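# Structure assessment
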2 protein chains.
Amino acid sequence: MTDVLRPVGRVASPLTDRATAPRQGDEGAPPAVLEFDPAVAAALDGLVAGAEVLVLTWLDRADRGVLTTRPRDDPARPELGVFATRSPDRPNPIGLHRVRVTAVDGLRVTVDHLEALDGTPVLDVKPVLRGER
Amino acid sequence: MTDVLRPVGRVASPLTDRATAPRQGDEGAPPAVLEFDPAVAAALDGLVAGAEVLVLTWLDRADRGVLTTRPRDDPARPELGVFATRSPDRPNPIGLHRVRVTAVDGLRVTVDHLEALDGTPVLDVKPVLRGER
């Protein structure tokens, strides 16, 4: 397959260092701004403050060659396949972040917490479905 | 960005027609088998029957040029930006499917329901986190 990802925006965040970034958004990640490309402005229609959404990012600093990993919180445990973990290092390093929109200002969408690093490409935003609540 | 997706497997499903496929997995989608590429076998270590996972797919029959859409269940509603909907037609048509693994047999992983069409590329599998339950 030669399908190429087209980022629709970028993350603006105070997080710049992968080593010190929280592993998940609910572990102390700061608010962030999603800065969308003007070309996709229409796709934001209906996205409002208060919405619970899933933000999909491309973890561009991840290692795509990693297939197994040792859980960071328990180095004594055996290696696990990355499909059994949320490690950013994986063949297709798509970040999945469940967040709440706190403000929408044109192409700038602020979310309550995001563990992605500054500059991370944004791929997609999806509303949370009933079954995912 | 020129990042290219590398499918790690394919969906085997009785669903072959987008027009009649259910919109979401909890709307009557049938079980499906994820057939993984031998190259990523190690990434499956630790994935077991009973696990609740998020399957990410590449909706290769979607229209990437669509930015707004009319909700299918209520055509009288105004168009919404695709980021406020779960339409498969969107700039990066990544399908997100929350499913339960019912069997693992080598490279074949059976899940309880999946609304993706037969042959859809699989991009990733992630365990469901506490906050996503």
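Before any of the text, the structure's been laid out above.
In this report, we go over the structure that sits alongside the text. (Residues numbered from 1 in each chain as written. Chains lettered and ligands numbered in written order. Predicted model: local features only at pLDDT ≥ 70, side-chain atom pairs only at ≥ 80, totals over all residues. Heavy atoms only, no water.)

### Concerning the overall build of chain A
Looking only at helices and strands, chain A has zero helices and eight strands in total. Relative to its length of 133 residues, chain A is compact, with a C-alpha radius of gyration of 15 Å against a globular reference of 14 Å. If you line up chain A on its principal axes, its C-alpha atoms span 45 × 35 × 35 Å. Relative to its full complement of 133 residues, chain A shows a buried share of 52%. Within chain A, counting contacts between residues at least 6 apart in sequence, those at least 24 apart form 74% of the total. (Helix = DSSP H or I, 4+ residues; strand = E, 2+ residues; numbered from the N terminus. Rg over C-alpha atoms; globule rule 2.2 N^0.38 Å. Buried < 20%, exposed > 50% of the residue type's maximum accessible area, 1.4 Å probe, protein only. Contact = heavy atoms within 4.5 Å.)

### Some words on the sheet that holds strand S3 (residues 52-58) of chain B
The strand order around the closed barrel formed by six strands is S1-S2-S7-S6-S3-S8 (chain B), and the pairing between neighbours is antiparallel. Each adjacent strand pair in this sheet contributes to an overall mean axis angle of 45 degrees, direction not counted. (Pairing = 2+ DSSP bridges. Axes fitted to C-alpha atoms, helices over the stretch in contact; angles between N-to-C directions.)

### Things to note about the interface of chain B and chain A
Where the parts come together, the accessible area they lose is often given as the size of the interface. With 48 residues of chain B at the contact, the number on the chain A side is 48 residues. Counting each side, the surface lost to burial between chain B and chain A is near 4,600 Å², with a carbon and sulfur contribution of 60%. Between the two partners, chain B and chain A, sit two salt bridges. Notably, a salt bridge pairs Arg90 of chain B with Asp124 of chain A, separated by 2.9 Å at the nearest N-O pair. Here chain B and chain A share 20 residue pairs in polar contact (both at pLDDT 80 or more) between them. Where the side of chain B that touches chain A is concerned, the elements lending two or more residues are S3, strand S5 (80-81), strand S6 (94-105) and strand S8 (121-127) of chain B. The element best represented in the side of chain B that touches chain A is S8 of chain B, accounting for six residues. The residue inventory of the side of chain B that touches chain A, partitioned by class, reads 29 nonpolar, eight polar and eleven charged. (Buried area = accessible area lost by both parts, 1.4 Å probe. Salt bridge = Lys/Arg side-chain N within 4 Å of Asp/Glu carboxyl O. Polar contact = N/O pair within 3.5 Å; in protein donor to acceptor, adjacent residues only side chain to side chain. Nonpolar A, V, L, I, M, F, W, Y, C, P; charged D, E, K, R; others polar.)

### Examining the environment of Ala84 of chain A
Residues and elements named next belong to chain A. Among the secondary structure elements, Ala84 is positioned in the loop between strand S5 (80-81) and strand S6 (94-105). Residue class for Ala84 comes out buried when judged on its relative accessible area of 18%. For the pair Ala84 and Thr69, spaced 15 residues apart in sequence, the C-alpha separation works out to 9.5 Å.

### Some points on the packing of aromatic side chains
Taken as a whole, this structure holds two aromatic pairs over all chains when the rule is applied. Here the aromatic rings of Phe36 of chain A and Phe83 of chain B are separated by 5.7 Å at their centres, their planes lie at 35 degrees, and the arrangement is tilted. Here Phe36 of chain A, found in strand S2 (residues 32-36), pairs with Phe83 of chain B, found in the loop between S5 and S6, and the two come from separate chains. For Phe83 of chain B, a relative accessible area of 0% translates into the label buried. (Phe/Tyr/Trp six-rings, centres within 6.5 Å; stacked < 30°, edge-to-face > 60°.)

### Regarding the pairing of S3 of chain B
All names here are of chain B. Counting buried positions along S3 gives six out of seven residues, so the element sits mostly inside the fold. Both S3 and S6 contribute to a ladder of seven bridges, which runs antiparallel. The residue of S6 that forms the bridge with Glu52 is Arg100. Relative to S8, S3 is paired through five bridges, and the arrangement is antiparallel. In the sheet register, Val55 faces S8, and the bridge partner there is Val125.

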